[in-house]
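Fold and contact review
Residue-level listing of the chains:
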Amino acid sequence: MNTTKYIFVTGGVSSSLGKGIIAASLAKLLQARGFVVTIQKLDPYINVDPGTLNPYEHGECFVTDDGAETDLDLGHYERFLNRPTSQANNVTTGRIYQSVIDKERRGEFLGKTVQVVPHITNEIKERIQHLGQDGTYDIIITEIGGTVGDIESLPYIEAVRQLKWELGAHNSLFIHLTLVPYLAAAGELKTKPTQHSVKTLMESGIQADILVCRTEHELSEDLRVKLALFCNVQKEAVIQSIDAATIYDVPNLMLEEGLDRIALKKLRLEAKQEPNLTQWNEFLSRHKNSKAHVKIGLIGKYVELQDSYKSIIESFIHAGAANEVQVEVVSIHSEHLVPENVAQELSGLDGILVAPGFGERGIEGKIAAVQFARTHGLPFLGICLGMQMAVIEYARHELGLTNANSTEMDAHTPDPVIDLMEEQKNITEKGGTMRLGAWACDLMSNSIVGTIYGQTPIMERHRHRYEFNNDYREALESAGLRVTGVNPETSLVEIVELPDHPWFVGVQYHPEYKSTVAQPHPLFVGFVGAAHKHSMKQ
Ligand code: GLN
């Protein structure tokens, strides 16, 4: 018998309250109590996946081992739980409709009229239960994107309402995350928006079991009693989620509030053990008690929006803790960099990271930054487009190929040192067609990566269409750029290094997708270590 239990997390009052962090924190606590947990995100937009979305719209696109382009909340889930997610962990309205329409075209509905209820809601329920099918998980937390009352989340709300009854008593529970705003003029926290939002949820037939209230001030006893009374929840099920210094504090804050205890009680689950957060708390203490400070420049074209580089920023937090240094990430807009101001703009930095990206905007600034790091012994990490820029910079300035470029930026460059992958040449559709997900890479010994990974081959996640052009490999290598990682099957160049530089590494893959609290990524740990060393020489 399948005994998987389900927790549904909805949001009310406002977006951006941090449902993903609450879901991840609860999952962490349940995991720390010995349960096997995963988290799933249901996104109400019509894009099939966020792969085609501009980072300004939706923040970073997170990539899983199985090559799914997903919501950035999945990154939080992995970083908190240290467990990979997959395609099944992120479902969008676009994917649901696509699948229902495909079934209709195959005649699977036997002449019936295809409708939102039951066909779309059935598809949603199947996607939710699919993760629980093989009994791997004791608990599945499903986060429903958007805010209760939105037109586009209605089918999801209806689907989980039905599922609650189908699963039977004590097998599912509803957590509703709301905002309790503070009105400065009145000097008071206000509960009315939460009352309304709980009421909206009830109009769809769902009674919240637990309320998690985002707030800037402590909730008083009276206020908790009032919320419990008006929202039909037990007082102990009113959980305060006060603003935290770091998202990594939230599991401990939720533990203090008893979120895990009340959830287990409502699901009639016996806790297997007291939460074991030893490793987590060791990380927190290293993060908060750093012994030194380093400044790293993050050079990209989406820097106005922090969420665009979410996984990179979090990887620096993990790697900083591992090195016991505080990493200050300074965002630098690649469009503002030119060879004339690069020394000024990058002064005082202990390392630079040239970010992933697409298209022409800002690339000359990235190339100027690479050149500065290369010629000034400044630790450098180039990720995906950042690695491609390092190859172009080397070809232009060390091989004398002044017009070397990527064919992504200049289709007619005389020296396409970065070129479209062969298998990409006949692809016209944009969605889900890049080289995606985990691929193997063989590492050379006596290299930075050979040392820091301490194993070969490695598996890393990818998201690109262009690659290092092997026609130029010999020339670039004889000029001093060393290839230290290649794909064993295709010889695709995955990593370049500069042996005559303190720390210069460009990687075609995305190490940031695999860094977690429990396992900080070796490349980030090595890079922050090199930046720390650099800072001590100044
Ligand atoms: N635009 C480049 C490519 O497609 C790099 C992609 C990236 O940085 N993720 O190859």
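The following refers to the structure shown. Nothing here was measured: the structure is a model prediction, and the numbers come from that model.

So, on to a nonpolar patch on the surface. Taken together, the side chains of Y97, I101, V116 and V117 present a nonpolar region at the surface, about 320 Å² in accessible area. Its location among the elements puts I101 in helix α4 (residues 93-105). I101 gets classed as partly exposed once you look at its relative accessible area, which sits at 48%.

The next subject is the state of the cysteines. Per the counting criterion, the structure on display carries zero disulfides. With no disulfide of its own, C61 lies 12 Å from the sulfur of C384, the closest cysteine sulfur. A relative accessible area of 8% places C61 in the buried class.

Here we come to the packing of helix α1 (residues 19-32) against helix α9 (residues 250-257). Between α1 and α9, the least distance of the axes is 9 Å, while the angle of their chain directions is 70 degrees. In terms of orientation, α1 and α9 fall into the roughly perpendicular class. Seen along the crossing, α1 lies across α9 with a hand that is right-handed. Of the residues in α9, those in contact with I21, I22, S25, K28 and L29 of α1 are V250, P251, M254 and L255. Of the residues assigned to the contact of α1 with α9, the class counts are seven nonpolar, one polar and one charged.

Close to the ligand lie P356, G357, F358, C384, L385, Q388, E408, R463, H464, R465, Y466 and H510. Backbone polar atom of R463 to a nitrogen atom of the ligand: 3.0 Å apart, as the coordinates give it. The contact in question runs from an oxygen atom of the ligand to an N or O atom on the backbone of R465, over 3.0 Å. Contact with the protein chains covers 99% of the free accessible surface of the ligand, which is 290 Å². Taking a 2 Å distance to the grid points as the criterion, the majority of the atoms of the ligand fall inside the second largest pocket. Only α15 (385-397) and β19 (458-464) provide two or more residues apiece to the shell around the ligand. Of the residues contributing to the shell around the ligand, the split by class is five nonpolar, four polar and three charged.

Criteria and thresholds
Residues numbered from 1 in each chain as written. Predicted model: local features only at pLDDT ≥ 70, side-chain atom pairs only at ≥ 80, totals over all residues. Heavy atoms only, no water. Patch = residues over 30% accessible without salt bridge, like charges linked within 9 Å, V, L, I, M, F, W, Y side chains within 5 Å. Areas by Shrake-Rupley, 256 points an atom, 1.4 Å probe, with all protein chains shown as cover. Salt bridge = Lys/Arg side-chain N within 4 Å of Asp/Glu carboxyl O. Helix = DSSP H or I, 4+ residues; strand = E, 2+ residues; numbered from the N terminus. Buried < 20%, exposed > 50% of the residue type's maximum accessible area, 1.4 Å probe, protein only. Disulfide = S-S within 2.5 Å. Axes fitted to C-alpha atoms, helices over the stretch in contact; angles between N-to-C directions. Parallel < 35°, antiparallel > 145°, perpendicular 65-115°, else oblique. Left-handed = near helix turned anticlockwise from the far one by under 90°. Contact = heavy atoms within 4.5 Å. Nonpolar A, V, L, I, M, F, W, Y, C, P; charged D, E, K, R; others polar. Near = heavy atom within 4 Å. Polar contact = N/O pair within 3.5 Å; in protein donor to acceptor, adjacent residues only side chain to side chain. 1 Å grid on protein atoms, 1.4 Å probe; cavity = no way out; pocket = protein on both sides within 12 Å on 5 of 7 lines; lining within 4 Å. Sits in = over half its atoms within 2 Å of the grid points.

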